[in-house]
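# Working through the structure, step by step
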Amino acid sequence: MRFFTSSFAALSVLVVAASAVATPSKPKPKGCDPHASGKDLVKRQEAAIADYAHYMLDEKDPQTGFDLYVPEQYIQHAPSYPGDGRQVTLDYLVPFFKANEVFFSKLKTYAGSGHAFMRYQVDVPPGGASGLNGTFAGVNILRFQGTCFVEHWELLQQVTGKETNPHSFF
C-alpha cells in the first residue's frame, strides 16, 4: 500500500509538471508601439483591438487594457466620462467595473484606415452603482497612432425590445 501511495504521488507530480511544460501559456503582449508602420500595420492593429477588447470587455480589466494600449496623451469624447486623458478615463472605468455587474456579448472588432471599432451588447442588471439597467448596444471608436489608441468615442443606445426594425442593433 505504501508503494502504491508513493507511486501515485510521484505520478501526479509528473503529470502536473508535464502539463505545465506541454501547455504553453499565452504570451503577454508587449504593448503598443506609437511608431509602428509598414505592410503589416493593419494586421497588428487588428490584433491590438482584439486584445484590447478582451481585456476591457471579457476580463473587465481596464487597467491592463490601458497599460498595454493607451499612452498618456489620450483624447476622450465619451459624454459620460468626466474629462480628457488616460488617468481620468481609468479613474472612471476601474471603479465602474468594480461597482457594477455588467455582461458583454456579441462583440465584433474591426481595424482599418487608422481607426478601430468595437461593437457589442452590454447587459446591466438593476441595482448597480451606475444607475443604469437594461440591455444596451455599444460602439466604441478608437483612433490609432501606430498600434496605440490615442482617441476614443463611445455610443450607447438602450435596446428596448420594441424596435420596429427587425435588423436593429445586432
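Quick caveat, the model's predicted, so the values are computed rather than measured.

What counts and what doesn't
- Residues numbered from 1 in each chain as written.
- Predicted model: local features only at pLDDT ≥ 70, side-chain atom pairs only at ≥ 80, totals over all residues.
- Heavy atoms only, no water.
- Helix = DSSP H or I, 4+ residues; strand = E, 2+ residues; numbered from the N terminus.
- Buried < 20%, exposed > 50% of the residue type's maximum accessible area, 1.4 Å probe, protein only.
- Pairing = 2+ DSSP bridges.
- Disulfide = S-S within 2.5 Å.
- Contact = heavy atoms within 4.5 Å.
- Axes fitted to C-alpha atoms, helices over the stretch in contact; angles between N-to-C directions.
- Parallel < 35°, antiparallel > 145°, perpendicular 65-115°, else oblique.
- Nonpolar A, V, L, I, M, F, W, Y, C, P; charged D, E, K, R; others polar.
- Phe/Tyr/Trp six-rings, centres within 6.5 Å; stacked < 30°, edge-to-face > 60°.

This part covers unusual backbone geometry. Phi angles above zero are rare outside glycine, and K60 is one such case at about 55 degrees. Along the chain, K60 turns up in the loop between α2 (41-58) and α3 (62-69). A relative accessible area of 31% means that K60 is categorised as partly exposed. Positive phi outside glycine occurs at S113, with the angle close to 55 degrees. If you trace the backbone, S113 turns up in the loop between β2 (103-112) and β3 (115-124). A residue is classified by how much of its surface remains accessible, and S113, at 74% relative accessible area, is exposed.

A few words on the pairing of β2. Bridge analysis of β2 against β3 gives eight bridges, and the strand direction is antiparallel. Opposite S105, over in β3, you have Q121 as the bridge partner. Hairpin connection of β2 to β3: two residues between the antiparallel strands, including S113 at a positive phi of 55 degrees.

What follows covers the state of the cysteines. Scanning the entire structure with this criterion turns up one disulfide. Between the sulfur of C32 and that of C148 lies a disulfide, 2.0 Å long from S to S. One quick way to see it: the torsion about the S-S bond of C32 and C148 is about 90 degrees, and its sign makes the bridge right-handed. Of this pair, C32 sits in the loop between α1 (2-22) and α2 while C148 sits in strand β5 (residues 148-159); the two residues are 116 residues apart in sequence, bridging distant segments of the chain. C148 gets classed as buried once you look at its relative accessible area, which sits at 1%.

If a strand is regular, its side chains alternate between the two faces of the sheet. The pairing of β3 with strand β4 (residues 134-145) spans ten bridges and is classified as antiparallel. By the bridge assignment, Y120 is partnered in β4 with G138. Both β4 and β5 contribute to a ladder of eleven bridges, which runs antiparallel. Paired with L142 across the strands is H152, a residue of β5. The turn joining β4 and β5, which pair antiparallel and follow one another in sequence, is formed by two residues; a positive phi near 65 degrees is taken by G146.

A separate point is α3. Counting buried positions over the eight residues of α3 gives six, a clear majority of the element. Those residues of α3 lying buried are P62, T64, G65, F66, L68 and Y69. Summarising the contacts, the buried residues of α3 are in contact with α2, α4 (86-99) and β5.

A few words now on the packing of α3 against α4. Between α3 and α4, whose axes approach to 9 Å, the crossing angle comes to 155 degrees. Viewed along their axes, α3 and α4 adopt a mutual orientation that is roughly antiparallel. Contacts from P62, Q63, F66 and D67 in α3 reach R86, T89, L90, L93, V94 and F97 in α4. Class assignment of the residues belonging to the contact of α3 with α4 gives a composition of six nonpolar, two polar and two charged.

On inspection of all chains with the given rule, the structure shows 13 aromatic pairs. Ring plane angle 90 degrees and centroid distance 6.3 Å describe the contact between Y52 and Y69, whose orientation is recorded as edge-to-face. Of this pair, Y52 sits in helix α2 while Y69 sits in helix α3, and the two are 17 residues apart along the sequence. The buried category is assigned to Y52, whose relative accessible area is 3%. Among the residues examined, Y69 registers a relative accessible area of 6% and is labelled buried. With centroids separated by 6.3 Å and ring planes inclined at 45 degrees, the aromatic side chains of F169 and F170 adopt a geometry described as tilted. Residue class for F170 comes out partly exposed when judged on its relative accessible area of 34%. An aromatic cluster of three or more residues is present, and its members are Y52, F66, Y69, Y74, F144 and F149.

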